Amino acid sequence: MDPNDSFREFMAVHQQSLMRTAYLLTGDAHLAEDLLQSVLLKVLSRWPKLADVTSPQAYARRALVNQYISWRRRLARVAELPSAEPPDRPYSTEDSTIVRIVMLRALAQLPPKQRAVIVLRYYEDLTEHETAKLLSCSIGTVKSQAHHALARLRVLAPELAPKFAEMEDLKGAHR
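Given the structure is predicted, the values throughout are model-derived calculations rather than measurements.

**As for the overall build of the protein**
Within the protein one finds eight helices and zero strands. Ordered by position in the sequence, the α and β elements of the protein form the string α-α-α-α-α-α-α-α. Evaluated residue by residue, the protein yields a buried proportion of 37% over its 175 residues. For the protein, the share of sequence-separated contacts (at least 6 apart) that also reach a separation of at least 24 residues comes to 63%. Put simply, the protein shows about 10,500 Å² of open surface, and 55% of that area lies on carbon and sulfur atoms.

In structure tokens:
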């Protein structure tokens, strides 16, 4: 069996999930594709060594988060990131498309680690332990980053405060 066959199988199963994570981290489809492509090239180059890894998906997800944080740090040093003024919101927050747009804009304003915690905990539905392991930090750090991120999101998108409360309630019951 060609070693690349197992990588192709891995991609067939996990590509959409990894792309969703990349998109939620970057907030931009093109950047997400670039991020995923650069990470998959690294994963492919290490694929023979990953035979001993229990979860190649977790390895790839961690690589995505690390690469994203690295990119953000580099961008922050090189130039300011432009951002538009928040639009007036004369619409209902029940519109799921509008909610997603507002959430993505708010997520884009979080520091990279806080954004990674929110994406992994609430979008990827990882436990605190799994998130801590992926980010190489303590469970306490995951809890505090999530707490600070949700507080910041409430300020950035007050119309979504009920959604943030639901997120906290759900995760509080499923730690």
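That was the structure; now back to the text.
**Some points on helix 2 (residues 29–46)**
Between its first and last C-alpha atoms helix 2 spans 26 Å; for 18 residues at 1.5 Å apiece the expected length is 26 Å, and the two agree. Of all the positions in helix 2, only A32, L35, L36, S38, V39, L40 and V43 are classed as buried. At the N-terminal boundary of helix 2, the capping side chain belongs to D28, with an oxygen 3.0 Å from the backbone nitrogen of H30.

**Focus on the packing of helix 5 (residues 112–123) against helix 7 (residues 139–156)**
Relative to each other, helix 5 and helix 7 sit at 100 degrees, their axes nearing to 9 Å. In terms of their interaxial angle, helix 5 and helix 7 are classed as roughly perpendicular. Along the contact surface, helix 5 presents K113, Q114, V117, I118, R121 and Y122, while helix 7 presents V142, Q145, A146, H148, A149, L150 and L153.

**Looking at the packing of helix 4 (residues 96–108) against helix 5**
Each pair of packed helices can be described by the angle between their axes along with the distance between the axes. At a closest axis distance of 10 Å, the pairing of helix 4 and helix 5 adopts a crossing angle of 140 degrees. Judged by the angle between their axes, helix 4 and helix 5 are oblique. Seen from helix 4, the contacting residues are M103, L107 and A108; seen from helix 5, they are R115, I118 and Y123. Taken together, the residues that form the contact of helix 4 with helix 5 break down as five nonpolar, no polar and one charged.

**Structural notes on the pattern of salt bridges**
Tallying each qualifying case throughout the model produces four salt bridges. For R61, the salt bridge is made with E124, and the minimal N-O distance between the two is 3.8 Å. One end of the pair, R61, is in helix 3 (residues 56–78); the other, E124, is in the loop between helix 5 and helix 6 (128–135), and 63 residues separate them in sequence. What makes R61 buried here is its relative accessible area of 9%.

**Some points on unusual backbone geometry**
Within the chain, D125 stands out as a residue other than glycine whose phi angle is a positive 60 degrees. Of note, D125 is situated in the loop between helix 5 and helix 6. Notably, S136 is not glycine yet its phi reads approximately 55 degrees, a positive angle. On the secondary structure map, S136 appears in the loop between helix 6 and helix 7.

**Structural notes on the packing of aromatic side chains**
This structure, assessed with the given rule, holds three aromatic pairs. Both rings, one in F7 and one in W47, keep their centres 5.2 Å apart while their planes meet at 80 degrees; by these two values the pair is edge-to-face. Of this pair, F7 sits in helix 1 (residues 3–26) while W47 sits in the loop between helix 2 and helix 3, and the two are 40 residues apart along the sequence. With relative accessibility at 10%, the residue F7 sits in the buried group. Aromatic pair F10 and W47: ring centres 5.1 Å apart, planes at 45 degrees, arrangement tilted.

Rules of the game
- Residues numbered from 1 in each chain as written.
- Predicted model: local features only at pLDDT ≥ 70, side-chain atom pairs only at ≥ 80, totals over all residues.
- Heavy atoms only, no water.
- Helix = DSSP H or I, 4+ residues; strand = E, 2+ residues; numbered from the N terminus.
- Buried < 20%, exposed > 50% of the residue type's maximum accessible area, 1.4 Å probe, protein only.
- Contact = heavy atoms within 4.5 Å.
- Areas by Shrake-Rupley, 256 points an atom, 1.4 Å probe, with all protein chains shown as cover.
- Expected span 1.5 Å × (residues − 1).
- Polar contact = N/O pair within 3.5 Å; in protein donor to acceptor, adjacent residues only side chain to side chain.
- Axes fitted to C-alpha atoms, helices over the stretch in contact; angles between N-to-C directions.
- Parallel < 35°, antiparallel > 145°, perpendicular 65-115°, else oblique.
- Nonpolar A, V, L, I, M, F, W, Y, C, P; charged D, E, K, R; others polar.
- Salt bridge = Lys/Arg side-chain N within 4 Å of Asp/Glu carboxyl O.
- Phe/Tyr/Trp six-rings, centres within 6.5 Å; stacked < 30°, edge-to-face > 60°.

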